[in-house]
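Here is what each chain is made of, one letter per residue.
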Amino acid sequence: MKILFVASEMEPFARVGGIADVIGTLPKRLAGLGCEVRVVIPYYRRVRASLARLGLKPKTVSKELVFCIDWLPVRGRIKEIELDGVHVDFLKNDELYGRKYVYSTPAGDYGDNDIRFGFLSLGALEIAKALDFKPDIIHCHDWQTALLPICLKWRKHLKDDPFFKESRVVFTIHNISYQGQYERSILEKFGLPEYLFTSQGLEFYGKANLLKGGILYSDLVTTVSPTYASELKKSEYGYGLDPVLKWVSRSRDNLIGILNGIDYDKWDPSKDASIYERFGPDTVDRKKLNKSALREELGLDPEGDKPLLGVVSKLTEQKGIDLVLDSIPQILDLGYQIAVVGAGVERYEHLFEKAGKRWKKNLSVTIAVNDNELERKVFAGSDMFLMPSRFEPCGLGQITALRYGAIPVVRGTGGLLDTVRDCTEDPANGNGFVFFEFSKISMLDALLRAISAYEDKDRWRELISRGMREDFSWRSSGKEYLKIYGELMENRQRLTGNKN
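Below is a short write-up of the structure.

## Considering the sheet that holds strand S4 (residues 72-83)
- Pairing is mixed across the open sheet formed by nine strands, whose spatial order is S3-S4-S5-S2-S1-S8-S9-S13-S14. Of all strands in the sheet, those bounded by a partner on one side alone are strand S3 (59-69) and strand S14 (255-257). Averaged over all neighbouring strand pairs, the angle between strand axes comes to 25°, with direction disregarded.
- With five bridges joining them, strand S2 (residues 36-42) and strand S5 (residues 86-92) adopt parallel strand pairing. Opposite Arg38, over in S5, you have His87 as the bridge partner.

Structure below.
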């Protein structure tokens, strides 16, 4: 089976969010299952730096890509490497991708992101043709690649291109709150018919919504956890697209939730050279050494047996960061110390820094983006890990926390509910603590239950070991994706919206 992944991020080359982790691992797992896999991402400035750091030198594929956007020819080159059995093709255009940031500057999104990611969408198809890689499955990710299924369905010449006649498109929603909304003129820019601008097409409150188009014109829509797939059909989670998702899955399950995983080879506390002391589910007592060393490094009060609560997160409203900020005094009063690592909304960054100065003996704040080594130390050294998200499509933090023996305290939403079982409700099988109402009272109640369990050392040691033995790797999820790819290939007319 030939599979073409198209995405805006990929570990270890360019990472902003969870898409990068998925694209860095899932293609590798599928290659291990016998698939022929290629990945296309932009050749950002950040990619060049990552390749140099990794000691990798991509080769240049000689053929130049040329196609029209907004009636003008746009040119690109292909840079290529092979990593872990996966061919990675970087789409090079310095004007579009040779910038400091991936999506936006601190002042806001790049104004030409429609062109930048439209070029990625069309460029991925041109790369496939240039390399004679005829994909059975084209797997697109989030709005940045939505113009691929839209153009494959409706752009002149592409829609009738025999090269892609047998290809089927899978579209994954990682976070529905990011939708790629632009003026109606984007239709003309990309050679799309004006009649697509209706409520049954791309139109969405007077704008052209690319994510909506990706949902409507792909053969199958997936998302990153089973619970999130159900939530997206509800108005409180669907960000206005819940009727569209209900529509595409009206007569059959054309919206499937497959839980994201982490790479258990890369996230392994028994082999992790970044942490202070390696440990495993049979040697959980060594975790205490990580806690002691982390407290010392962060300048936290080393006296007493206070549980350390880790927060490794984007500092955004979605992640419930306002709830954490509002509850810091009460969390400390319960007897916790807190270690925060993250970056995001400038206001939240300043408020955390201010709080860190006020309670510096019990609250450590590090404003950083992808400080991988420190994040690993926090996972390894924390007793609990807090994720009070307003919504969480999948969440990888709680999975990583379990892997490193930090017991998750989470709000019951999305993938958090698919991975964390409440110890209060199910003492024999629970692996964390869950609260449902988005409020201080509910979150503090969960933290109180967690600290009460922490005081029973035998129970706590058993809980750590149980969590570390969980398997949320890509092994099973990769097989699920391979299964749905196979179903699409076997029954190409099964789903609505197929090309005739």
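## Quick look at the pairing of strand S8 (residues 137-141)
- Of all five residues that make up S8, five are buried, and the element is covered over most of its length.
- Because side chains alternate across S8, one face comprises the buried residues Ile137, His139 and His141, and the other comprises Ile138 and Cys140, equally buried.
- For strand S1 (residues 2-6) and S8, the ladder comprises four bridges, and the chain directions are parallel. Pairing of Leu4 across the sheet is with Ile138, part of S8.
- Judged from the five bridges that link them, S8 and strand S9 (residues 168-173) form a sheet pairing that is parallel. Looking across to S9, one finds that Ile138 is bridged to Val169.

## A closer look at the environment of Leu386
- By the secondary structure assignment, Leu386 is in strand S18 (residues 384-387).
- Each C-alpha atom, one on Leu386 and one on Leu334, is 14 Å from the other, the two residues being 52 residues apart in sequence.
- Apart from residues lying up to four places away in sequence, Leu386 is in contact with Leu309, Gly310, Val311, Val324, Val409, Met443 and Leu447.

## Here we look at the packing of aromatic side chains
- Counted according to the given criterion, the structure contains 19 aromatic pairs.
- On the numbers, 6.4 Å between centres and 45° between planes, the contact of Phe379 with Tyr404 is tilted. Taken as a pair, Phe379 in helix H13 (residues 372-381) and Tyr404 in the loop between helix H14 (397-403) and strand S19 (407-411) lie far apart in primary sequence, 25 residues in all. Like Phe379, the residue Tyr404 is buried in the burial classification.
- A network of ring pairs unites the aromatic residues Tyr44, Phe67, Tyr97 and Phe119 as a single cluster.
- For the cation-ring pair, Arg250 lies above Trp247, with the distance from its terminal atom to the ring centre recorded as 3.7 Å.
- Positioned over the ring face of Trp267 is Arg376, at 4.0 Å from the centre of the ring.

## Focus on the pattern of salt bridges
- Applying the stated criterion across every chain yields a total of 33 salt bridges.
- Here Lys189 makes a salt bridge to Asp114, at a shortest N to O gap of 2.8 Å. You can see Lys189 sitting in helix H6 (residues 186-189) and its partner Asp114 sitting in helix H4 (residues 113-130), a full 75 residues away along the chain.
- Residue classification places Lys189 among the partly exposed residues on the basis of a relative accessible area of 22%.
- Where Lys319 meets Glu392, a salt bridge forms, and the shortest distance between an N and an O atom there is 2.9 Å. With Lys319 in the loop between strand S15 (308-315) and helix H11 (321-334) and Glu392 in the loop between S18 and H14, this residue pair connects regions lying 73 residues apart in the sequence.

## Details of the sheet that holds strand S10 (residues 181-182)
- Here we have three strands laid out as an open sheet, ordered S10-S12-S11, and antiparallel in their pairing. With partners counted over all chains shown, the strands left at the sheet margins are S10 and strand S11 (203-204), one partner each.
- One ladder, built from two bridges, connects S11 with strand S12 (residues 207-209); its direction is antiparallel. In the strand pairing of S12, Glu203 is matched with Ala208.
- Packing of helix H7 (residues 210-217) onto the sheet brings it into contact with S10, S11 and S12, and relative to S12 it is tilted by some 45°.

## Description of the pairing of S3
- Direction of pairing for S3 relative to S4: antiparallel, over a ladder of eight bridges. Bridged to Val66 within S4 is Arg75.
- Two successive antiparallel strands, S3 and S4, enclose a turn made up of two residues, where Asp70 displays a positive phi of approximately 55°.

## Details of unusual backbone geometry
- Pro12 follows Glu11 through a cis peptide bond whose omega is 5°.
- For Pro12, the position within the fold is in the loop between S1 and helix H1 (18-32).
- In the Ramachandran plot, Asp132 falls in the positive-phi region, its phi being about 55° despite a non-glycine side chain.
- Here Asp132 is to be found in the loop between H4 and S8.
- Classification of Asp132 as exposed rests on a relative accessible area of 57%.
- Unlike most non-glycine residues, Asp142 shows phi in positive territory, near 60°.
- Along the chain, Asp142 turns up in the loop between S8 and helix H5 (147-154).

## Looking at the side chain of Asp422
- Along the chain, Asp422 falls in the loop between helix H15 (414-419) and strand S20 (433-435).
- Using a relative accessible area of 10% as the deciding quantity, one classes Asp422 as buried.
- Setting aside chain neighbours within four positions, we find Asp422 in contact with Gly430, Gly432, Phe433, Val434 and Arg449.

## Description of the side chain of Asn362
- Along the polypeptide, Asn362 turns up in the loop between helix H12 (346-358) and strand S17 (363-367).
- Given the relative accessible area of 18%, Asn362 is considered buried.
- For Asn362, the side chain forms a polar contact with the side chain of Gln337, separated by 3.0 Å.
- If we skip the residues at most four places from it in the chain, Asn362 touches Leu300, Asp301, Lys306, Leu332, Tyr336, Gln337 and Ile338.

Reading the values: the criteria
Residues numbered from 1 in each chain as written. Predicted model: local features only at pLDDT ≥ 70, side-chain atom pairs only at ≥ 80, totals over all residues. Heavy atoms only, no water. Pairing = 2+ DSSP bridges. Helix = DSSP H or I, 4+ residues; strand = E, 2+ residues; numbered from the N terminus. Axes fitted to C-alpha atoms, helices over the stretch in contact; angles between N-to-C directions. Buried < 20%, exposed > 50% of the residue type's maximum accessible area, 1.4 Å probe, protein only. Contact = heavy atoms within 4.5 Å. Phe/Tyr/Trp six-rings, centres within 6.5 Å; stacked < 30°, edge-to-face > 60°. Lys NZ or Arg CZ within 6 Å of the ring centre and 35° of its normal. Salt bridge = Lys/Arg side-chain N within 4 Å of Asp/Glu carboxyl O. Polar contact = N/O pair within 3.5 Å; in protein donor to acceptor, adjacent residues only side chain to side chain.

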